[in-house]
Amino acid sequence: MVTSKVLNDRVQSTVYFSIKIFFNCRKFPMQKLLTILPVIFLLIVPELSSLEDNYYIEKIYEFPKNTLTTPMDMSCFDNNNCIMISTDYNGTGVVAEKTSDGGQTWQTIYADTLIYNEDTIYSPKYLARRCKYFSNGTLIIFLDMGKVLRSENFGESFEEFYIENYDYQSFEMIDINNAITVSAGMIYFPGSKSALIKSTDGCKSWQKFNIPDSISERWNFETIGIQEDKSLIIGCYVKYGLESDTTKRYYFHTDFEGSFWKSLSTEQSRKIENITLFDENEGIATGRIQYPKQFDDSALVLKTYNGGKDWEIKLKTGDRHENFGRLLIKNDSLFMVSGAGFGFYKSTDKGESWFFPKFEVDSGVVDKPWFFTIYEYFEDDTFYSMTSWPSQLLKGKKINTSVDLPSVKPKKLYPNPVTFGSTFTTDYEIERSGFLKVYISDVSGKVISPLYSGFSEAGSYSTALRLPDNISSGSYWLVLEQNGYLHVQMLNVVK
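These lines cover the structure that appears in this document, whether it is placed above or below. Within each chain, residues carry numbers counting from 1 in the order of the written sequence. Local features in this predicted model are restricted to residues of pLDDT 70 or higher, and side-chain atom pairs are both shown and tallied only at a pLDDT of 80 or more, whereas totals for entire chains, interfaces and linings draw on every residue. With hydrogens and water excluded, all non-hydrogen atoms of the structure serve as input to the side-chain values.

## Some remarks on the overall build of the chain
Convention followed: Secondary structure elements are defined from DSSP: runs of H or I of at least 4 residues count as helices, runs of E of at least 2 residues count as strands, and each element is numbered from the N terminus. The buried label goes to any residue with under 20% of its type's maximum accessible area, the exposed label to any with over 50%, and the partly exposed label to all in between, with areas taken from a 1.4 Å probe on protein chains only. The contact definition used throughout considers only heavy atoms, calling two residues in contact when any of these lie within 4.5 Å. Computed with the Shrake-Rupley method and a 1.4 Å probe, the accessible areas treat only the protein chains shown as cover for residues.
Looking only at helices and strands, the chain features 1 helix and 41 strands. Scored against the burial criterion, the 495 residues of the chain give a buried share of 55%. Across the chain, the fraction of contacts at a sequence separation of at least 24, relative to all contacts at a separation of at least 6, is 52%. For the chain, the accessible surface area stands at approximately 21,700 Å², while carbon and sulfur atoms represent 50% of it.

Okay, structure coming up:
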């Protein structure tokens, strides 16, 4: 019999988990080192749940019980037809599998057992990186070191293509034909060169991307983000030690033709990574606060209203050692972020506020999935995600919708930060009349100061609230609660 349990015990418990994975790494053949990847998670997440959002999660695939086997990527063209790729660092470098029945059964369609070795160092010659699956049967698997696998018959057979002097850094496909990738010039891979290149024939051939000389001479590129209008945001870092502001991270916004190059920059301490612009002014990003000599610290969602010049924190997870895996934007009313240590959050107001759904978990699923990353989310509210330790592929489904739906929509919070003992204003909209509570909580969910409690009619509000005199400096939640549904906004308090 299937048993289930709710994962919303995060508020009551703090979980410390440490994993050490040892594997041979071909990037360091000269030193013949074993790479140690410590992953330490602390889990303190406020309960931000909704009557509307309950998910049942079942395990549909468990990778071989080998700590060196790592799920790498997944792609679907509908919720039944998907491919996934993994790498076994101790043997098979690339394994590709596909399903046509929603993950119930899987068929191996490719396995690469080529081994790289130097003296006593053995590891796969190629590692899996990214994959794409299109409804016409086109399937692309992107490997490191410039190898590309392409199938046009749903994975029944593959052609191989190669990129010269290439070492994988990042890769994205705009559509079935147009792709862009970054090569890193690594000293461990002689011959590799830093380059930004693109394909217009489905990864069969590659050409240089149009980059102004003034930019090419100064920057190397590392990350690629595809925007809704098919434009690109490309992360970069300084080349050859040229002077730059070390407190900043740098990006360029351009199109697939490279016809314009707009510079963006963000604070290095927040390490913004995934930027999505809605228009020339408004945008959203994920990142994390970076402290010196720390691994991954508090995960953040930030928003800009002036084209990336300034960023406001809209979501901050409860403690250090948490990291957002990716940001999924389905439409203007559904945003999701997922990552290590906490599952995922949802937003229905373009990232202004966030809530944490409830999970009921199949008995075959690890109690608290680490490295929880959503790869696909469909219109019928099913999704696929991958976890690590153990490596599993999970399938989730929204299982009920309350008739008592939330109606509070926060709009703006200002000033922010605010000094303690002073007033601030929150703008919000109530679609349906009901009992409303407004209060301040700390990041663990503990109520610090009630601000309002009472029946509120439907309408738009701009309410001035006063902070208590004894509140300490730091980051808090401003919580608007109606019908058990919580919307939160980050409120920063300073002296």
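## Description of the pattern of salt bridges
Oppositely charged side chains are able to pair whenever their charged atoms sit close together. Selection rule: Salt bridges are defined by distance alone: a side-chain nitrogen of Lys or Arg within 4 Å of a carboxyl oxygen of Asp or Glu.
For the structure on display, the rule yields 19 salt bridges. Notably, a salt bridge pairs Glu152 with Arg150, separated by 3.1 Å at the nearest N-O pair. A salt bridge links Glu481 to Lys437; the nearest nitrogen and oxygen atoms lie 3.9 Å apart. Placement of the pair is Glu481 in strand 40 (residues 474-482) and Lys437 in strand 37 (residues 434-441), with a sequence separation of 44 residues. Take Glu481: its relative accessible area is 17%, and that puts it in the buried class. Among the residues examined, Lys437 registers a relative accessible area of 33% and is labelled partly exposed. Bridged by salt links that share partners, the residues Glu282, Lys303, Glu312, Lys314, Lys350 and Glu352 form one connected network.

## Considerations on unusual backbone geometry
The amide bond that connects Tyr414 to the next residue, Pro415, takes the cis arrangement and shows omega of -10°. Secondary-structure assignment places Pro415 in the loop between strand 34 (408-414) and strand 35 (418-419). Here the residue pair Asn416 and Pro417 is connected by a cis peptide bond, since its omega of 15° sits within 30 degrees of zero. Mapped onto the secondary structure, Pro417 falls in the loop between strand 34 and strand 35. You will see that Phe154, though not glycine, has its phi angle at about 60°, which is positive. Looking at the element boundaries, Phe154 is found in the loop between strand 13 (147-151) and strand 14 (159-162). Even without a glycine there, the phi angle at Lys350 is positive, about 60°. Along the chain, Lys350 falls in the loop between strand 29 (343-347) and strand 30 (358-362).

## Considerations on the state of the cysteines
The line we're drawing: Any pair of cysteine sulfurs within 2.5 Å is marked as a disulfide.
By the definition in use, this model includes 1 disulfide. Here Cys76 connects covalently by a disulfide to Cys82, the sulfurs 2.1 Å from one another. Given an S-S torsion of about 105°, the disulfide between Cys76 and Cys82 has right-handed geometry. Take Cys76 and Cys82: they sit in the same class, and that class is buried.

## Thoughts on the packing of aromatic side chains
How we decide: Aromatic rings from Phe, Tyr and Trp, with only the six-membered ring used for Trp, were paired whenever their centres fell within 6.5 Å, and each pair was classed as stacked if the ring planes differed by under 30 degrees, edge-to-face if by over 60, and tilted otherwise. By the criterion adopted, a ring carries a charge over it if an Arg CZ or a Lys NZ lies within 6 Å of its centre and within 35 degrees of its normal.
All chains considered together, the criterion is met by 20 aromatic pairs. Note on Phe142 and Phe171: the rings are 4.0 Å apart at their centroids and 15° apart in plane angle, and the pair reads as stacked. With Phe142 in strand 12 (residues 139-143) and Phe171 in strand 15 (residues 168-173), this pair connects stretches of sequence that are 29 residues apart. Ring centres of Phe142 and Trp206 lie 6.1 Å apart, and the angle between their planes is 75°; on these two criteria the pair is classed as edge-to-face. Taken together, the residues span a long stretch of sequence, with Phe142 in strand 12 and Trp206 in the loop between strand 17 (195-199) and strand 18 (207-208) at a distance of 64 residues. Taking NZ or CZ as reference, Lys412 lies 5.3 Å from the ring centre of Tyr414, over its face.

## With respect to the environment of Pro212
You can see Pro212 is positioned in the loop between strand 18 and helix 1 (213-216). Distance in space between the C-alpha atoms of Pro212 and Ser259 is 9.4 Å, their sequence separation being 47 residues.

## Overview of the side chain of Ser75
Spelled out, the test is: As used in this structure description, the phrase polar contact means that two N or O atoms lie within 3.5 Å; if the pair is within protein, one of them must be able to donate a hydrogen and the other to accept it, and residues adjacent in sequence are counted only when both atoms belong to side chains.
Locating Ser75 in the fold gives a position in strand 5 (residues 69-76). There is a polar contact of 3.0 Å between the side chain of Ser75 and the backbone nitrogen of Tyr133. If we skip the residues at most four places from it in the chain, Ser75 touches Asn81, Cys82, Ile83, Cys131, Lys132, Tyr133 and Glu376.

## Quick notes on the nonpolar core
Going by this rule: Nonpolar cores were defined as sets of buried Ala, Val, Leu, Ile, Met, Phe, Trp, Tyr and Cys residues, with membership established by side-chain atoms within 4.5 Å.
Ile275, Phe344, Trp354 and Phe383 are the most contacted members of the largest nonpolar core, which has 40 residues in total. For this core, the element with the highest residue contribution is strand 28 (residues 334-340), accounting for 4 residues. Residues within four places of Phe383 in sequence aside, it is in contact with Tyr55, Ile57, Phe344, Phe372, Ile374, Glu376, Tyr377, Leu394, Lys395 and Gly396. By size, the runner-up hydrophobic cluster in this structure holds 19 residues, among which are Ile109, Tyr110, Leu139 and Leu149.

## Remarks on the environment of Phe435
Position of Phe435 among the secondary structure elements: in strand 37. Take Phe435: its relative accessible area is 47%, and that puts it in the partly exposed class. Each C-alpha atom of the pair Phe435 and Ser453 lies 7.5 Å from the other, and the pair is 18 residues apart in sequence.

## Focus: the pairing of strand 6 (residues 82-88)
For clarity, the threshold we go by: Think of it this way: DSSP has to see at least two bridges between two strands before they count as a pair.
Burial runs high along strand 6: 7 of the 7 residues are buried. On strand 6, burial covers both faces: Cys82, Met84, Ser86 and Asp88 on one face and Ile83, Ile85 and Thr87 on the other are all buried. Pairing between strand 5 and strand 6: 7 bridges, direction antiparallel. Bridge pairing in strand 6 places Met74 opposite Met84.

## Thoughts on the sheet that holds strand 39 (residues 459-466)
To keep things clear, this is the line we draw: Lines fitted to C-alpha atoms define the axes, with helix axes restricted to the stretch in contact, and inter-axis angles between N-to-C directions lie between 0 and 180 degrees.
On the basis of which strands lie adjacent, the open sheet formed by 3 strands has the order 34-36-39 and antiparallel pairing. The open sheet has two edge strands with one neighbour each: strand 34 and strand 39. Neighbouring strand axes in the sheet, compared pairwise and without regard to direction, differ in orientation by 20° on average. By the bridge criterion, 6 bridges tie strand 34 to strand 36 (residues 423-430) in an arrangement that is antiparallel. Note on strand 36: the bridge partner recorded for Lys412 is Asp427.

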